[in-house]
Amino acid sequence: MSLAASNRLFNILRITTRHSPNKLQFYRGLLVNTTLRSESAAKEEEPSSEHEKILAEKTKEIEDAKKEAGDFKDKYMRALAENENIMKRNQKFLADAKLYAVQSFSKDLLDISDVLEKATESVSQEELKANKELNDLYQGLTMTYTELHKVFVKHGLEKEDPLGQKFDPNFHEAVFQMPDPQKEKGSVAVVQKVGYRLHGRTLRPAIVGVVQ
C-alpha cells in the first residue's frame, strides 16, 4: 500500500467513524508505519531477486567453463596419445630402416658365398694331397669363406640349411617333389641352394625338394 492510499484510507476512516482525535491519530500512525514497512520490504526484495538472477548467471558461466575445460583436456590428452603413437611408429620405422639398410648389399654377398662354397666342395681330398698348390688355394678359399660367414653372423645374417626339416613356405621354396619311403612326408629331402635370414627375416629362401 502506497502512502497516498494510506492517507485516503485514513480520511475515509475519519469520516465514517466517530473515534476521538487521539485514536484517529493512532490509526493514522499505524497506517503510515505499515505502509512504510511494506515499501521497505518491497525495496529489499528487488535487490534480492536481482542478486539471485546474477548468481544463477554466474553459476551457469562456471558450469559452462568447467565443461569447456573438460573438452579441452580431453582433446589435449588425445593429442598427446596420438603424438606418442606417431613417435613410436617413427622410431620403429627408423630402427627397421637401420636394421635392413644392408639387405640389398647382403643379398649380393650371398652369390660370393655360394661360389666359394661350390669351389671348396668340388675339390676331392685326393687331389689336395697330390697337388700342394691346389691345396694352398683350397686353404685360402676355405679361410675366406669362414671369415665371410663370421661377418654374416656379426651383422645378423644367418645360414638356413633345412635338410631333413619340415617344409616351411615362409623360409623354403620347393621346386620339385620326390618319393622317399624312408623320410617323412612333407620334409625337405634335397637342398639345392641354402637359404639365409637377416635378423630373423627371410633374405633368400632355401631352394629345396620335398618328400611327397
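Our subject is the structure listed above.
Just so it is clear, the model here is predicted, and its values are computed rather than measured.

Caption draft 1: Region of the structure containing the layout of surface pockets. In this structure, the largest pocket occupies an estimated 170 Å³ of space. If you go around the largest pocket, the residues you meet are Asp114, Glu117, Lys118, Glu121, Asp161, Val191, Gln192, Lys193 and Val194. Of all the secondary-structure elements, those providing two or more residues to the lining of the largest pocket are α3 (103-121) and β3 (188-193). Partitioning the lining of the largest pocket into residue classes produces two nonpolar, one polar and six charged.

Caption draft 2: The sheet that holds strand β2 (residues 172-178), seen in detail. Pairing in this open sheet of three strands is mixed, and the strands run β2-β6-β3 from one edge to the other. The open sheet is flanked by β2 and β3, the only strands paired with a single partner. Strand-to-strand twist in this sheet, taken as the mean axis angle between neighbours without regard to direction, amounts to 30 degrees. Pairing analysis gives four bridges linking β3 to strand β6 (residues 206-211), with the strands arranged antiparallel. Its bridge partner lying in β6, Val191 is registered against Val208.

Caption draft 3: Region of interest: the pairing of strand β5 (residues 201-204). Alignment of strand β4 (residues 195-198) against β5, held across three bridges, turns out to be antiparallel. Within β5, the residue paired with Tyr196 across the bridge is Arg204. In this antiparallel pair of consecutive strands, β4 and β5, the connection spans two residues, and His199 shows a positive phi of 55 degrees.

Caption draft 4: The nonpolar core, seen in detail. Membership of the largest hydrophobic core is limited to 12 residues, which are Tyr100, Leu109, Leu110, Leu116, Tyr145, Leu148, Phe152, Leu157, Val194, Tyr196, Leu198 and Leu203. Mapped by element, the contributors of at least two residues to this core are α3, α5 (132-154) and β4. When residues no more than four places from it in sequence are discounted, the contact partners of Val194 are Glu117, Lys159, Glu160, Asp161, Arg204, Pro205 and Ala206.

Caption draft 5: Inspection of the pattern of salt bridges at higher detail. In the structure shown here, the tally under the stated rule is 12 salt bridges. As a salt-bridge pair, Arg89 and Glu82 come within 3.7 Å of each other at their nearest N and O atoms.

Caption draft 6: Just the sheet that holds β4, in detail. What the three strands build is an open sheet, ordered β1-β4-β5; its pairing is antiparallel. Single-partner strands in this sheet number two, and they are β1 (157-160) and β5. Between one strand and the next, the sheet's axes are offset by a mean angle of 35 degrees, whatever the strand orientation.

Caption draft 7: Just the packing of aromatic side chains, in detail. Inspection of every chain in the model, using the stated rule, returns one aromatic pair. Arranged with centres 6.0 Å apart and planes meeting at 85 degrees, the rings of Phe152 and Tyr196 form a pair that is edge-to-face. Of this pair, Phe152 sits in helix α5 while Tyr196 is found in strand β4, placing the two residues 44 residues apart along the sequence. A relative accessible area of 3% means that Phe152 is categorised as buried. Its relative accessible area of 1% is what places Tyr196 among the buried residues. Over the ring of Phe171 we find Arg197, and its NZ or CZ is 3.5 Å from the ring centre.

What counts, and where the lines are drawn
Each chain carries its own residue numbering, running from 1 in the written order of its sequence. It should be noted that, the model being predicted, local features are given only for residues of pLDDT at least 70 and side-chain atom pairs only at 80 or more, the latter also being counted only at that level, while totals for whole chains, interfaces and linings use all residues. To obtain the side-chain values, all non-hydrogen atoms of the structure were included, while hydrogens and water were left out. A cavity here means a set of 1 Å grid points, computed over protein atoms only, where a 1.4 Å probe fits but cannot escape. A pocket is an open set with protein on both sides within 12 Å along at least 5 of 7 lines, and lining residues have an atom within 4 Å of a point. Grid points are joined across faces, edges and corners, and a volume is the space filled by probe spheres set on the points. Every helix listed is a DSSP run of H or I at least four residues long, and every strand listed is a run of E at least two residues long, numbered separately from the N terminus. Asp, Glu, Lys and Arg are counted as charged, while Ala, Val, Leu, Ile, Met, Phe, Trp, Tyr, Cys and Pro are counted as nonpolar; the rest, among them Gly, fall into the polar class. Only strands that DSSP links by at least two bridges are regarded as paired with each other. Axis lines are fitted to C-alpha atoms, over the contacting stretch for helices. Their N-to-C directions set the angle, which ranges from 0 to 180 degrees. Only buried residues count toward a nonpolar core, which is a set of Ala, Val, Leu, Ile, Met, Phe, Trp, Tyr and Cys residues joined through side-chain atoms within 4.5 Å. Each residue's exposure class comes from its accessible area (1.4 Å probe, protein chains only) as a fraction of the maximum for that residue type: buried when under 20%, exposed when over 50%, partly exposed otherwise. Pairs of residues are marked as contacts when any of their non-hydrogen atoms sit within 4.5 Å. For this analysis, a salt bridge means a side-chain nitrogen from Lys or Arg found within 4 Å of a carboxyl oxygen belonging to Asp or Glu. Planes of paired rings set the category: under 30 degrees apart is stacked, over 60 is edge-to-face and the rest tilted, where pairs are Phe, Tyr or Trp rings (Trp by its six-membered ring) whose centres lie within 6.5 Å. Here, over-ring charges are defined by two tests on the NZ atom of lysine or the CZ atom of arginine: distance to the ring centre within 6 Å, and angle to the ring normal within 35 degrees.

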